[in-house]
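As a plain string of letters, each chain reads:
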There are 2 protein chains.
Amino acid sequence: MAKELTGTKVLVEGAGQCSDLLYGSGFHPVDPVVFVDGGRRRTLVVPMLEYGRAKLECPGVRVVLPEELGIPKEQRRRLAAWVVAAVQAHRVKQVVVGAFFPAAMLRALEEAGIAVTVWAGAMYPDRARKRPDEVAHITQAQRAAVAAMHTAEAMLRTATVGRGGVLRLGGRVLSSERVREEIDLVLLRHGCTARDTIVAGGAQAADPHDRGHGPLRAGTTIVVDIFPQHKQSHYWGDITRTFCKGPPPPALAALYRTVKTAQARALAMIRPGVKGPAIHGMIAQFFEEQGYPMTVKDGVVRGFFHGTGHGVGLEIHEAPSISTVDSTLAAGHVVTVEPGLYDPDLGGVRIEDTVLVTERGAKILRSYPRRFEV
Amino acid sequence: MAKELTGTKVLVEGAGQCSDLLYGSGFHPVDPVVFVDGGRRRTLVVPMLEYGRAKLECPGVRVVLPEELGIPKEQRRRLAAWVVAAVQAHRVKQVVVGAFFPAAMLRALEEAGIAVTVWAGAMYPDRARKRPDEVAHITQAQRAAVAAMHTAEAMLRTATVGRGGVLRLGGRVLSSERVREEIDLVLLRHGCTARDTIVAGGAQAADPHDRGHGPLRAGTTIVVDIFPQHKQSHYWGDITRTFCKGPPPPALAALYRTVKTAQARALAMIRPGVKGPAIHGMIAQFFEEQGYPMTVKDGVVRGFFHGTGHGVGLEIHEAPSISTVDSTLAAGHVVTVEPGLYDPDLGGVRIEDTVLVTERGAKILRSYPRRFEV
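Since this is a predicted model, take the numbers as computed values, not measurements.

(A) Quick look at the overall build of chain A. When its secondary structure is counted, chain A shows eight helices and 23 strands. With the C-alpha coordinates of chain A rotated into their principal frame, the extents come out at 70 × 45 × 45 Å. Across chain A, contacts joining residues at least 24 apart in sequence account for 61% of those joining residues at least 6 apart. About 15,400 Å² of surface is accessible on chain A, with carbon and sulfur atoms providing 52% of the total.

Next comes the structure, spelled out in structure tokens:
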């Protein structure tokens, strides 16, 4: 069992992954800021340019400029000086930081005589259990993802099959890039950004991180994985469907049926108290029994080789995990359920929904049909 | 003078700001990866899902899975174990990490008996001097930004002035949100993402980080700041123009003239060997002489209170800075030149271009007219 996380937390963030800072302080920084969270007493150190917005967006947090902490002028540009001064203002001799806390700030705190515990777990364990307003934000992002999936499916349905099985739409070749652009436009119109939307056909579909490029073809698997982040709330959504233009070859039809059944079984297992590894192990075993074992040969991976699911919230991948890593589902968790099977010689199939864990089981946040042939 | 950075570098990144890792390894990770850069010998540790892509995208780098480093099975999920094993595989006893290296990995290296220097400066100092292919990537992003600026200006020009000075377009109120959406659509069509496009009118224009919201009005300053990142190259562009619908009040016209003159003076000073603080100090002094000193009263800042410019590349803000921070421009630097004046009672004006520093002075990467009244 992990020890409980107690004590004053220190968080530092720039424009990167600032989800803990946003969760704890309510502030989404553009420039680097420092947040000291002592529970009742909370201090946010911001540069001049962020001052007005931070004051407005963080009621209950003391928002200060570096100069207000008595940092000498020549030190005011040094983020490490902000960190030390902010902790000293809290009059504590020890603090807790996250695994990704910046090394330079860790050293500066230690040099100032402050004991630092580097916490490997979640800085805000409550983040995994979503409040109703957070579920609403995720649902909003998921609504955008579902709208974009409709657009993608419509393009594939409307497409015709040209020479060599290449799809055509509007007199031009239909490529991964074209479908992705239309998906991203729909997401944008829904107030979301999208970076790495996946539209991957054929052998590309067998690499779950290949974004996909070039012409799409009939009779092959086409994986469409859409994960938008809402620009205002910063919460994410995540959905994947796999399509085949025209009748699928029997091997692909079998692959799809197997993944669809696996997803239904995983969804049926979702409830508070169930262990992540129990769900993941069941899926892995089911795939093996169906004749799809995980294998690695000459650096080529086949079968099912990613987790069954992951938490979704202020990050696209967050706690809890549904994989071999120990975890227990609880009411309020929002997780993806996304088994997949991959084989570079066949293609890849992944079916993914984002669900809320409730006492009555998995509640799919926005449903979307599972149709292979289009 | 800073000491020179030598020795084996260690970089760890997830989906965040991974520009150094991308620069050093050629790889843009989705999931966390570890990169050990010993100069001639370079190792990238990636999870299974990134393996194929990393092999393809990183010629000259040894791409390995955690299991290939002899990490015991129960440790293979721990990124800290990857870091230690990768460094040990290089047979070095000391390494250099950046200021934002994760604290947990620093502790793990120390516990493994490896001496760690936390380097406050740039991990890849060469990053500031852009190669021709990098300039081409930035220019590509800047081309998207300029196209989007044309769209924004056209919307403001085409708009009519309704009751209370509120702008209208196509029978509806013209808001910051509407202009921003059209800007972001243009950027998307150019293969770029945009997160925090600024379209801020009136008092909102006086806060350089306010993205802007609500109806736009005639006779007020409207700041449009567009900074797209190209999705394929990951390089950024950055441009700002300030507009006024209809004739500007004399105080705003004077504000605009002053900023426009300041920008022209700053651009004229750009050349290799010139100090950032010399340019910035000149601008600050010019504004003060023109009757626009920087003041803070009741938490409200007026005048010119941000840097004159910043480097642009794989990050939107990178070295060199043109501000009070010591820096010297060199041929190949790509920097913004963006003086601004702000007053919540008047509005805000900022004019920004992204330029390449050449022996013959500043070369604006994509030009765009400076027209205030539209």
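From this point on, the discussion continues.
(B) Quick look at the nonpolar core. In this structure, V34, F101 and L109 of chain A together with V34, F101 and L109 of chain B are the most contacted members of the largest nonpolar core, which totals 55 residues. Setting aside its immediate chain neighbours within four residues, F101 of chain B contacts F101, P102 and A103 of chain A together with V10, V12, V83, L106 and L109 of chain B. In this structure, C244, I283, F304 and I351 of chain A belong to the second largest nonpolar core, which totals 28 residues.

(C) Quick peek at the relation of the copies chain A and chain B. Expressed as a screw transformation, the operator carrying chain A onto chain B has a rotation angle of 180 degrees and an axial translation of 0.0 Å, and the superposed copies differ by an RMSD of 0.0 Å. Read as a symmetry element, the transformation amounts to a two-fold axis. Here 100% of the interface residues in chain A have copies in chain B that are interface residues too; the copies meet face to matching face.

(D) Region of interest: helix 4 (residues 103-111) of chain A. Along helix 4 of chain A, the positions that sit buried rather than exposed are A103, M105, L106, A108 and L109 of chain A. Following helix 4 of chain A by one or two positions, G113 of chain A adopts a phi angle in the positive range, close to 80 degrees.

(E) Here's a closer look at the pairing of strand 12 (residues 222-226) of chain A. Residues and elements named next belong to chain A. A large share of strand 12 lies buried, amounting to five of its five residues. Taken together, the four bridges between strand 11 (residues 198-201) and strand 12 define a ladder with antiparallel strand orientation. Across the sheet, I198 pairs through a bridge with D225, a residue of strand 12. In the sheet, strand 12 pairs with strand 14 (residues 239-243) via five bridges, with the strands oriented antiparallel. Looking across to strand 14, one finds that I222 is bridged to F243.

(F) Up close: the pattern of salt bridges. The full count for this structure, using the stated rule, is 42 salt bridges over all chains. In this structure, R131 of chain A engages D133 of chain A in a salt bridge whose closest nitrogen and oxygen atoms are separated by 2.9 Å. A relative accessible area of 37% means that D133 of chain A is categorised as partly exposed. Ionic pairing is found between E153 of chain B and R371 of chain B, a salt bridge with its closest N-O pair at 2.8 Å. In this pair, E153 of chain B sits in helix 5 (residues 132-158) while R371 of chain B sits in the segment after strand 23 (361-364), placing the two residues 218 residues apart along the sequence. You can call E153 of chain B buried: its relative accessible area is 2%. Using a relative accessible area of 34% as the deciding quantity, one classes R371 of chain B as partly exposed.

(G) Structural view of the interface of chain A and chain B. Taken residue by residue, the interface counts 51 residues in chain A and 51 residues in chain B. For the chain A and chain B pair, buried surface summed over both sides reaches about 4,400 Å², with 59% attributable to carbon and sulfur atoms. Ranking the residues of chain A by area buried against chain B places L49, R195 and H209 of chain A at the top, with a combined share of 16%. Counting across the chain A and chain B interface gives six salt bridges. Taking the shortest distance from any N to any O, the salt bridge between R189 of chain B and E181 of chain A comes out at 2.7 Å. For the pair chain A and chain B, the number of links is 18 residue pairs in polar contact (both at pLDDT 80 or more). Tallied by class, the residues present in the side of chain A that touches chain B amount to 26 nonpolar, eleven polar and 14 charged.

(H) Representation of the sheet that holds strand 14 of chain A. All names here are of chain A. Read from one edge to the other, the open sheet built from three strands follows the order 11-12-14, with strand pairing classed as antiparallel. What marks the edges here is a single partner per strand, and that holds for strand 11 and strand 14. The mean angle between the axes of side-by-side strands here comes to 10 degrees, regardless of whether they run parallel or antiparallel. Sheet contacts for helix 6 (residues 176-189): strand 11 and strand 12; angle to strand 11, the most-contacted strand, approximately 160 degrees.

(I) Quick look at unusual backbone geometry. Residue and element names in this part refer to chain A. Following A319, the chain continues to P320 via a peptide bond in cis, the omega torsion being -5 degrees. Within the secondary structure, P320 sits in strand 18 (residues 318-322). For R91, which is not glycine, the phi dihedral falls at a positive 55 degrees. By the secondary structure assignment, R91 is in the loop between helix 3 (79-89) and strand 5 (94-98).

(J) Fine view of the packing of helix 5 (residues 132-158) of chain A against helix 6 of chain A. All names here are of chain A. The interhelical angle for the contact between helix 5 and helix 6, taken along N-to-C directions, is 150 degrees, at an axis separation of 8 Å. Comparing the axis directions of helix 5 and helix 6 gives the class roughly antiparallel. Helix 5 and helix 6 meet at a crossing whose hand is right-handed. Taken together, the residues of helix 6 that come into contact with helix 5 (itself represented by A144, A145, A147, A148, T151, A152 and M155) are R178, V179, E182, I183, V186 and L187. Its residues assigned to classes, the contact of helix 5 with helix 6 shows ten nonpolar, one polar and two charged.

(K) Here's a closer look at the confidence of the model for chain A. Of all residues in chain A, 97% attain a pLDDT of 70 or more, and the chain-wide mean is 93. Reported confidences for the modelled complex are a pTM of 0.86 and an ipTM of 0.85.

(L) Fine view of the sheet that holds strand 7 (residues 160-161) of chain A. Residues and elements named next belong to chain A. Read across the sheet, three strands follow the order 7-8-9 without closing on themselves; strand pairing throughout is antiparallel. At either end of the open sheet lies a strand with only one pairing partner, and these are strand 7 and strand 9 (172-173). In terms of strand pairing, strand 7 meets strand 8 (residues 167-169) through two bridges, oriented antiparallel. The residue of strand 8 that forms the bridge with V161 is L167.

Scoring rules and cut-offs
- Residues numbered from 1 in each chain as written.
- Chains lettered and ligands numbered in written order.
- Predicted model: local features only at pLDDT ≥ 70, side-chain atom pairs only at ≥ 80, totals over all residues.
- Heavy atoms only, no water.
- Helix = DSSP H or I, 4+ residues; strand = E, 2+ residues; numbered from the N terminus.
- Contact = heavy atoms within 4.5 Å.
- Areas by Shrake-Rupley, 256 points an atom, 1.4 Å probe, with all protein chains shown as cover.
- Core = buried A, V, L, I, M, F, W, Y, C linked by side-chain atoms within 4.5 Å.
- Buried < 20%, exposed > 50% of the residue type's maximum accessible area, 1.4 Å probe, protein only.
- Least-squares fit on C-alpha atoms with pLDDT ≥ 70 in both.
- Pairing = 2+ DSSP bridges.
- Salt bridge = Lys/Arg side-chain N within 4 Å of Asp/Glu carboxyl O.
- Buried area = accessible area lost by both parts, 1.4 Å probe.
- Polar contact = N/O pair within 3.5 Å; in protein donor to acceptor, adjacent residues only side chain to side chain.
- Nonpolar A, V, L, I, M, F, W, Y, C, P; charged D, E, K, R; others polar.
- Axes fitted to C-alpha atoms, helices over the stretch in contact; angles between N-to-C directions.
- Parallel < 35°, antiparallel > 145°, perpendicular 65-115°, else oblique.
- Left-handed = near helix turned anticlockwise from the far one by under 90°.
- pLDDT = per-residue confidence, 0-100.

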